[in-house]
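Coordinate analysis (summary)
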Amino acid sequence: MGGAGLGPFAGRSAELGRLEAVLERVAAGGSAVVDVIGDAGIGKSRLLTEFAARARSRGVTVLRGRATERARARAFRPFTDAFADLDQRTLRVFPALADLPAEVRGEPGGASAAGEVSAAGRVGGPAPLDHFGLFRATAAALGRVTPPGLAVVLDDLHWADTASLDLLDHLVRHPVRAPLLLVVSRRERQSPPAVESVLARGADAGAVVRIALGPLDGREGLEVLAPDLPAEDAVAIHAASGGYPLYFQILLQALRAGAPPGAPVPPCGVPVGPGAALLLDELAPLTPLERSVLEAVAVLGGHATTSLLGAVTGADDFRLVAALRQVVGRDLARPAPGGHRVELRHPLVRALVLASTDPWRRQELHRRAAAALALTGAPLDERAHHIEQSLTRWDPDAAAVLVEAAERSAASDPTRAARWLDIVLGLLPDTTQHLDRRCALMLTQARVLGMTGAVRRSRDLLHRLISLRRPAVDDDLRTSAVVLCAFLERHLGRYPAASALLRRELDRRPGPSPVQRTGLVVEWGCCALFANRFPEVREELARTLAEARARGDEAGEAELLTLTAMGEAYEGRVATAGTQVDAAAALVDVVTDGDLITQCESLVRLGWSEVFLERYADAERHAERGVLVARRAGRPFALAHLLLCSAYAHLMTGRVTAALGLADESVAVARALGGGELPGFTRAIRSLVLMHARAPGDPEVLAAAEEAAANVGAVDGWWATLARSLLAYAARGAGDPHRVRDVLLAVGGGRDLPRLQPSVRPNLFELLVESALDTGDTADAEYWAARGVEEARRLGLPAQQGAALRGVGLLEAHRGDPAAAARAFTEAAESCARSRATLREAQSLLLGAPQVLAAGDGSRAASMWRRGRRLAVDGGARLLVALADRTGVEVRGAVDGVPPGPAGRLAGLTPRERQISELIAEGLSNQAVASRLCLSTRTVESHVARVYRKTGVPSRAALASLIARGDGAGRW
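Residues numbered from 1 in each chain as written. Predicted model: local features only at pLDDT ≥ 70, side-chain atom pairs only at ≥ 80, totals over all residues. Heavy atoms only, no water.

Quick word on the overall build of the chain
On a plain count of helices and strands, the chain comes out with 51 helices and 7 strands. In terms of overall dimensions, the chain is more spread out than a globule: its C-alpha atoms have a radius of gyration of 39 Å, far above the 30 Å expected for 972 residues. Sorting the 972 residues of the chain into buried and exposed places 57% on the buried side. Sequence-distant contacts, at least 24 apart, represent 67% of the contacts inside the chain between residues at least 6 apart. (Helix = DSSP H or I, 4+ residues; strand = E, 2+ residues; numbered from the N terminus. Rg over C-alpha atoms; globule rule 2.2 N^0.38 Å. Buried < 20%, exposed > 50% of the residue type's maximum accessible area, 1.4 Å probe, protein only. Contact = heavy atoms within 4.5 Å.)

What to know about the packing of aromatic side chains
This structure, assessed with the given rule, holds 13 aromatic pairs. An angle of 50° between the planes, with centres 5.9 Å apart, marks the rings of Trp608 and Phe681 as tilted. Highlighted residues: Trp608 in helix α31 (residues 600–612) and Phe681 in helix α35 (residues 677–693), separated in sequence by 73 residues. When sorted by exposure, Trp608 lands in the same class as Phe681, which is buried. The lysine or arginine in question, Arg503, covers the ring of Trp524, its NZ or CZ lying 4.5 Å from the ring centre. One cation-aromatic arrangement involves Arg751 over Trp784; the distance from NZ or CZ to the ring centre is 6.0 Å. (Phe/Tyr/Trp six-rings, centres within 6.5 Å; stacked < 30°, edge-to-face > 60°. Lys NZ or Arg CZ within 6 Å of the ring centre and 35° of its normal.)

Thoughts on the sheet that holds strand β5 (residues 208–212)
Taken in spatial order, the 5 strands of this open sheet run β2-β3-β4-β1-β5, and their pairing is parallel. Two strands in the sheet have a free side with no partner beyond their single neighbour: β2 (61–66) and β5. The sheet shows a mean angle of 15° between the axes of neighbouring strands, direction not considered. Pairing of strand β1 (residues 32–37) with strand β4 (residues 180–186) involves 6 bridges; the strand directions are parallel. (Pairing = 2+ DSSP bridges. Axes fitted to C-alpha atoms, helices over the stretch in contact; angles between N-to-C directions.)

Overview of the packing of helix α44 (residues 838–854) against helix α45 (residues 858–875)
Look at α44 against α45: their axes get within 8 Å of each other, and the N-to-C directions meet at 150°. As far as their axial angle goes, α45 and α44 are roughly antiparallel. The handedness of the crossing between α44 and α45 is left-handed. Facing α44, whose interface residues are Thr838, Glu841, Ala842, Leu845, Leu846, Gly848, Ala849, Val852 and Leu853, α45 presents Gly858, Arg860, Ala861, Met864, Trp865, Arg867, Gly868, Arg869 and Leu871. Considered class by class, the residues forming the contact of α44 with α45 number 10 nonpolar, 4 polar and 4 charged. (Parallel < 35°, antiparallel > 145°, perpendicular 65-115°, else oblique. Left-handed = near helix turned anticlockwise from the far one by under 90°. Nonpolar A, V, L, I, M, F, W, Y, C, P; charged D, E, K, R; others polar.)

A few points about the environment of Thr937
Note that Thr937 resides in helix α50 (residues 937–951). Apart from residues lying up to four places away in sequence, Thr937 is in contact with Asn926, Gln927 and Ala930.

Re the nonpolar core
Formed by 185 residues in total, the largest nonpolar core has its most connected members in Leu462, Trp608, Trp718 and Leu744. Element by element, the count of residues in this core is highest for helix α33 (residues 636–652), at 12 residues. Split by domain, this core shows at least three residues from each of two domains, domain 3 (285–390) and domain 4 (777–898). Other than its neighbours up to four places away in sequence, Leu744 contacts Ser725, Ala728, Gly749, Leu753, Leu756, Leu764, Leu767 and Leu768. (Core = buried A, V, L, I, M, F, W, Y, C linked by side-chain atoms within 4.5 Å. Domains from an automatic or database assignment.)

What to know about helix α23 (residues 455–468)
Spanning 14 residues, α23 covers 20 Å between terminal C-alpha atoms, matching the ideal 20 Å at 1.5 Å per step. Here the buried face of α23 lies against α22 (435–452), α24 (476–491), α25 (495–507), α33 and α34 (656–673). (Expected span 1.5 Å × (residues − 1).)

Focus on helix α2 (residues 44–57)
For α2, which comprises 14 residues, the first-to-last C-alpha distance of 20 Å matches the rise-based estimate of 20 Å (1.5 Å per residue) to within 8%. Among the residues of α2, those classed as buried are Lys44, Ser45, Arg46, Leu47, Leu48, Glu50, Phe51, Ala52 and Ala55. Contacts from the buried residues of α2 go to α1 (13–27), β1, β2, β3 (150–155) and β4. Directly beyond the C-terminal end of α2, a positive phi value near 90° is found at Gly59.

Focus on the domain arrangement of the chain
Partitioning the chain into domains gives domain 1 (13–108 + 134–212), domain 2 (227–284), domain 3 (285–390), domain 4 (777–898) and domain 5 (903–969). Contacts between the two partners involve 7 residues from domain 1, matched on the other side by 7 residues from domain 2. Linking domain 1 with domain 2 are 2 salt bridges, by the criterion used here. One salt bridge connects Asp281 with Arg70, and the closest N-O pair in it is separated by 3.3 Å. At the surface where domain 1 touches domain 2, the tally comes to 4 residue pairs in polar contact (both at pLDDT 80 or more). Among the residues forming the side of domain 1 that touches domain 2, the class breakdown is 2 nonpolar, 2 polar and 3 charged. (Salt bridge = Lys/Arg side-chain N within 4 Å of Asp/Glu carboxyl O. Polar contact = N/O pair within 3.5 Å; in protein donor to acceptor, adjacent residues only side chain to side chain.)

A word on the environment of Ala486
Residue position: Ala486 is located in helix α24. When its relative accessible area of 0% is taken as the criterion, Ala486 is described as buried. Setting aside chain neighbours within four positions, we find Ala486 in contact with Ala498, Leu501, Leu502 and Glu523.

Here we look at the packing of helix α14 (residues 288–300) against helix α16 (residues 317–329)
Two quantities define a packed helix pair, namely the angle between the axes and the distance from one axis to the other. α16 packs onto α14 with a crossing angle of 80° between their chain directions and a minimal axis gap of 9 Å. Here α14 lies roughly perpendicular to α16, going by the angle between them. Mapping the contact onto sequence places Leu289, Glu290, Val293 and Leu294 in α14 and Arg319, Leu320, Ala323, Leu324, Gln326 and Val327 in α16. In terms of residue class, the contact of α14 with α16 is made up of 7 nonpolar, 1 polar and 2 charged.

As for the pairing of β1
Most of β1 is tucked away, with 6 of its 6 residues classed as buried. Of the two faces of β1, the one carrying Ala32, Val34 and Val36 and the one carrying Val33, Asp35 and Ile37 are both buried. Both β1 and β5 contribute to a ladder of 5 bridges, which runs parallel. Each residue of the ladder has a partner; that of Ile37, found in β5, is Ala212.

Some words on unusual backbone geometry
Here the residue pair Pro147 and Pro148 is connected by a cis peptide bond, since its omega of 5° sits within 30 degrees of zero. Mapped onto the elements of the fold, Pro148 is located in the loop between α7 (131–142) and β3. Even without being glycine, Leu753 reaches a positive phi, approximately 55°. The residue Leu753 is located in the loop between α39 (737–748) and α40 (761–774) in this model. You can call Leu753 buried: its relative accessible area is 0%. A positive phi angle, near 60°, is found at Cys934, a position not held by glycine. On the basis of relative accessible area, Cys934 is assigned to the exposed category, the value being 72%.

Take a look at the structure:
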C-alpha cells in the first residue's frame, strides 16, 4: 500500500532521527542497509518520503522503487523501478551507475524485459542468467558511488520477486565500500520467509538496522494531522484509528463528509479519497471465494469461527480453509486472541468491506448468520444484530427475538434496544389483530427512548398510545402509559399538562383499579410537590396511603410514604416528615434490590428527605444503594438524582473532593437526558460543591452557577427555583453583595423569601445578612438575622440553627461586640456538629476563632482555628482553607505564642483597597468614599466586601480598629 503522498508528516521523530544517523555514518564512508517494518497504514512510506526529502537537502541522490503484487513475476522489479529514475544529471554525478547490468536497470534486452520468474522463482527466457555474475557487477557499479552518496529506497518489499531478494541478500552479505544507503520497507506479517530470512540474518550480523513502526501515541502529531480540528474530535479520531496515520486520514475525510468523530465511515458509505481507495485496492486480487470469506468475517464481526464461516459462505471445509489461509496471509484478517476466531485487522477495514459489499449481499449474509447462530444457541443480542441487518418483512419469530433482546439490553444499551424496537414497530402489520401487541411495544419503546434521553419523542409516542387505548377497568398498560407520560411532561417542566393528564385518568369511568390508582396518585402528588403546591394534595395522599395499608400494598405504601415525607420536609414540618421517613425506611430496608428496581423514585425521595432532615448518614446509605439499583435497572432519571443526593450528603459532611466527583457524574447523566430543570438543578448543586472545592474568587464557580440558572430557563418548579437561588452563593464568592441580594429577593419573591423552600431558608437568610453587612445596610442585616433565628427555631434542625447563629454572629461582630459574636459562632459550631454537618461546623469555627480571640480567650481561639482548618483540609474544602489562612494571621499568634498584629492581615490588600479602607477608618460612608475617589457607590461596596474577606473583619468598626493598629505598628 503506497501511502507516500497522503497527508502531512507527524510524529516519528525518533525513527527519523535513526535514519538520519545512519545516513551520517554512510556519508563518513561505507554502506548500510535499513529495514523498516510495520503494518499496513502505519506510515512506512510517509516516513521514507520525509527521509528522502531530508537526504536530498544534504546533497544525497535518492532513487525510489516499489515492489507490487501484480509485477511480482518480473525479475528485479523494485530495483528496476528505482533505477528507472536514472537520468543524465544523475549519471554525470555517478558515472559508474551506467555500468549497472541492463537486467537491474530494466533496459530493453535485459532479463527483466525478456523473461519472467518461473514457478521455482528463477528467471526464464531464451538463456539462463549468470545471477552471481550479475550480482557482482551490480555491487561493483554501486561500489564506485562517490560522496555525498546515494540512497536507494525500496517500498513494499514483501511483494518482491526472488531475483530481487537474491540481489538484496548479496548486498547485505557483501557490503560495498562506498557511501551507499539501501532502505527497504515491508509489512512484517506479509513478508514471505525468504524476505524475513535475508534481513534477519543481516540484522544478526550487524549489517542491517531494523526500525519497527508502531501506532502513533495520542500526543504525537494531532496538531499536524488535523490543525483545524477541535481537540476533542481529534482525540476521538485518533482513538478510532488506533494510532495508524493512514486510518486517521481516512476517518478525518469521513468526519468532513458528515460522520461523527471516530465513526468508521460516514452514513453514505465508503469515504472518497486516496486513503480508502488504497485499502479497497487490497481487495482487488482476491478470488470470489476469498472475497466471500472476507465479507463473512466482516459480517460476523468478532464471532467468526470456521464453522460459522462455513455456514455463511456455503463453502466446504477444504475450500474454506484454503481461502481463509490466503486472506490471513494477506493480513486482511488475523486470528483473534485465543486463536478460535478470525477478525479483520482493523475496524476501519471491516467498515470498508461492509460498505463496499452489495446491500442485497450483506442482507443475505446476515440472514445466514442469524440462522446459524440460532442453531448454536448463541446469545440473543448476537442473533438480534444479524436479524436487524437482514429483516425486510414481518416475521413473528424474528420480531420476537428482537423484542426479547431489546428488553434484556435496555438497561445496558438503550440506544440499541430502541433501534430494535423501531424495526419491529415499523414492520408490524397495522391491523386490529395486532393492536394490543402494538400498544405493548409502544410502551416498551417509550420507556427505552426515555433512557436514551429522547424525552420528547418518548412523550409523543405515549400520547399516541393513550389515544389508541380505550379506558378499561383493569388496564395496566394504559395506566402505565399515563404515569410515564406525566413523568416525562414533568421532566420537561410542563407541570399543568402532567397534572391534567393524571387528573383526567383518575376521574375516568370506568375508573382504574386500586393499585393503578395508587400509581396515578403518586405521580400526581409529585407534580404538585415539584410545582410548589404540595399542600393541595396532602389530604389525597393521606387517603391513598390508608387504602394501600388496608390492602397490604407495601410497594404502594413505600411510594406514598416517601412522597409525603419529602413534601413535609420541604414545607418544614420536620416532626411529621421524620415519622414518614422512619416508616418508609423500615419498608425499603427489608426489600431486595431486585424488588427495588421498580421503586427507584422512592429511593430518590427518601434520600432527599433525609438530607433535608439532616440525616446525612441515612441519606448517603440509601442514595448509594439506589445508585447501584438504578444503574442495573437502567433508570437514568433516578440515577442523576441519587448521585446528586449523595454528592450533597458528602458535601455537608465535609468530603468535598468526593462530592465533586459524584456531582460531575450526576451532571453528565442529566445532560444526556436533556430537558431544562434536571440538568439545571444538577449543575447548580455542582456549582455549590465547586465553590467549596476551589480557591476564593475562582471564575469557573460563577460561570457554572450562571449556566445552571440559564439551563432551567423559565420553568417555575421546585428544583428550578432552588437552582436559581444557588446563584447567590457564587455571586458572594465573586465579591458582588448586591447581586446576592438581587438574586435571592427576585427568586424568593420578597424579603421573607416566601417562594423558597422553607426548610432551607435559614441558610439563605445568613447569606442575606452577610450581603447586607457588606453593603452597609445594617437594618436589613438585623431583620434577616432575626428571620433566620425565627425560621430555625420553628424547624428545630441543628444545621439550620447553625446558619441562623452564624448570621447573628456576623451581625454582632459588625456591631463591635466580639463576646456576643464568639458565643453565636461557638453555638453554631456545636449545633452543626450535632447533625454531623462537618462543612458548616468548620465554617462556624473559622469565623468564630477571631471573635473568641478578640474576646480575650486566645487558647480557645487557637483550638477552634486548628480544628476548623483540619476539617477543611481533610475534606478538600479549599474555600474554607483559604478562610482559615486569612483568619489565622491573627489567631496564629495565639497558636505560636506570638502577639497578634494587623500587618499581615493588611498586607494582602491592593493599593485601592487600602485607600478605601483608610477613608472608612476616617468615618466616611460608602457614598462619601465614592464621591472622594470618583467611583460609583456599588464599586466601593464591592471593594469593601473584598477587604472584609481578605482581612477577616466583620464590620466597618473592626476595619477602622485594624487600620488604626496597623498605622500604630508602622506604615506598610
